[in-house]
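# Architecture at a glance
This is what each chain is made of:
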Amino acid sequence: CQSDQKLLLIQMKNSFIFDVDSTPPAKMSQWSESTDCCDWNGVDCDEAGHVIGLDLSAEPILIGSLENASGLFSLQYLQSLNLGFTLFYGFPMPSSLPRLVTLDLSSREPISGFSWRLEIPNFNFFQNLTELRELYLDNVDLSGRRTEWCKAMSFLPNLQVLNLSNCLLSDPINHHLANLLSLSVIRLRDNHAVSCQVPEFVANLLNLTTLDLSQCDLHGKFPEKVLQVPTLETLDLSYNSLLQGSLPHFPKNSSLRNLNLKNTSFSGKLPDSIGNLENLASVDVSSCNFTRPIPTSMANLTQLFHLDFSSNHFSDPIPTLRLYMSRNLNYLNLSSNDLTGGISSNIL
């Protein structure tokens, strides 16, 4: 471990007072100047002894502000910084960490009687974090930034993972995100004030694997082409009751594994091509407005373990499908439809 790196870490440690009764104890409280800092809990080094990773998540800090932890932001070789779920006061401005690839500032979800959460006063620091690939800000207060949150992300050309769940975002997704062609994971769950139509450009994010826009008060018609992105594995649009849409033709090269449209206004019939989704493991379209018979092509979906078609308008007899014989299936709900017939007792 480089001596200057150890000095910076000790300087940071001395900025905080820890809960000595915490179990497990704070990682930083166990750091000793008599040992190699590369062996300290939560510290990763490269072969030259430079600190390249810090995992200080869930540290039991009683008193301390990141604004006073100057040693942290002098670690010039740092690539990964995890401060998630640690009760820090004061907001860090890590603009002096040009090599940073992963940043996690996620807060604990506010609970009744305790509403404190980290608040980001401005996004200027993002302009210097051009190497950043993964950003986790779940439960951080971004309510005062309005459209700045999209514009700020546009300064991160290599961004692949964007987690902004429950951040009190106050304005919709806009065109600034269209330039982030490397994005593979977008999670904006539980941001009710986003309240917008999903932009067409989302379908042009050809590396997209996960899109979670649940509980965002979305409206208008959802772009069908998003469902046809060949890399998409998880799509969650649940609890957007005003969001309309229908299911498109699904090509055979689809990667879709998890589809959740619960409590939306998706309607129409399930396309026969749904049988092409051979990787589909979980599908929930409960409390939507789907109609017509359930297509027999669903017999091809042998990987299904969760299927909820309840509270729709599916009609005609319940199809006798090998689907229900899937060894993986552990949840099946067809209630509150217009189906007739029954399911054989030997599969219950």
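Scroll up to find the structure.
Now for a quick tour of the structure.

Reading the values: the criteria
Numbering of residues starts from 1 in each chain and follows the order in which that chain's sequence is written. With the structure being a predicted model, the display of local features is reserved for residues of pLDDT at least 70 and the display and counting of side-chain atom pairs for 80 or more, all residues being used for whole-chain, interface and lining totals. Based on all heavy atoms of the structure, the side-chain values leave hydrogens and waters out of the count. Strands here are runs of E lasting at least two residues and helices are runs of H or I lasting at least four, both read from the DSSP assignment and numbered beginning at the N terminus. A simple rule labels every residue: compare its accessible area, found with a 1.4 Å probe on the protein chains alone, to the largest value its type can have, and call it buried under 20%, exposed over 50%, or partly exposed in between. The criterion used for residue contact is that any of the two residues' heavy atoms lie within 4.5 Å. Method for areas: the Shrake-Rupley scheme with a 1.4 Å probe, in which residue coverage is limited to the protein chains shown. Aromatic contacts are taken between Phe, Tyr and Trp rings whose centres are within 6.5 Å, Trp giving its six-membered ring; a plane angle under 30 degrees counts as stacked, one over 60 as edge-to-face, and the others as tilted. A cavity here means a set of points on a 1 Å grid, drawn over the protein atoms and nothing else, where a 1.4 Å probe fits but cannot get out; a pocket is an open set with protein on both sides within 12 Å along at least five of seven lines, and a residue lines either one if it has an atom within 4 Å of a point. Grid points are joined across faces, edges and corners, and a volume is the space filled by probe spheres set on the points. Asp, Glu, Lys and Arg are counted as charged, while Ala, Val, Leu, Ile, Met, Phe, Trp, Tyr, Cys and Pro are counted as nonpolar; the rest, among them Gly, fall into the polar class.

## Some words on the overall build of the protein
- Along the protein, the regular secondary structure elements total two helices and 21 strands.
- Classification of the 348 residues of the protein by burial places 50% in the buried group.
- For the protein, the share of sequence-separated contacts (at least 6 apart) that also reach a separation of at least 24 residues comes to 58%.
- As displayed, the protein offers around 15900 Å² of accessible surface, 46% of which is attributable to carbon and sulfur atoms.

## A look at unusual backbone geometry
- In this model, S195 sits at a positive phi of 30°, which is unusual for a non-glycine residue.
- Tracing the chain through its elements places S195 in the loop between β9 (185–187) and β10 (210–212).
- For S195, a relative accessible area of 37% gives the class partly exposed.

## Quick word on the packing of aromatic side chains
- Taken as a whole and assessed by the stated rule, the structure comprises five aromatic pairs.
- Relative to F266, the ring of F222 has its centre 6.2 Å away and its plane inclined at 50°; by these criteria the two rings are tilted. Residue F222 is located in the loop between β11 (219–221) and β12 (234–236), and its partner F266 is located in strand β15 (residues 265–269); the two are separated by 44 residues in the primary sequence.
- Between F309 and F314 the ring centres are 5.1 Å apart and the planes differ by 35°, which places this aromatic pair in the tilted class.
- Three or more aromatic residues joined by ring pairs make a cluster, and in this case those are F290, F309 and F314.

## Some thoughts on the side chain of S165
- In this fold, S165 is placed in the loop between β8 (161–163) and β9.
- The class of S165 is buried, set by a relative accessible area of 5%.
- Beyond its immediate chain neighbours, meaning those up to four positions away, S165 contacts D138, N139, R187, L188, R189 and N191.

## Considering the environment of V194
- Within the fold, V194 resides in the loop between β9 and β10.
- A relative accessible area of 2% means that V194 is categorised as buried.
- For V194 and I173, which are 21 residues apart along the polypeptide, the C-alpha to C-alpha distance reads 7.0 Å.
- Look past the residues within four positions of V194 in its chain and what remains in contact with it is L169, D171, P172, I173, C216 and L218.

## Notes on empty space enclosed by the protein
- For the structure on display, the rule yields one cavity of 30 Å³ or more.
- The volume enclosed by the largest cavity comes to roughly 60 Å³.
- Every residue lining the largest cavity is listed: I173, L177, I186, L188, F201, V202, L205, L211 and L213.
- In terms of residue class, the lining of the largest cavity is built from nine nonpolar, no polar and no charged.

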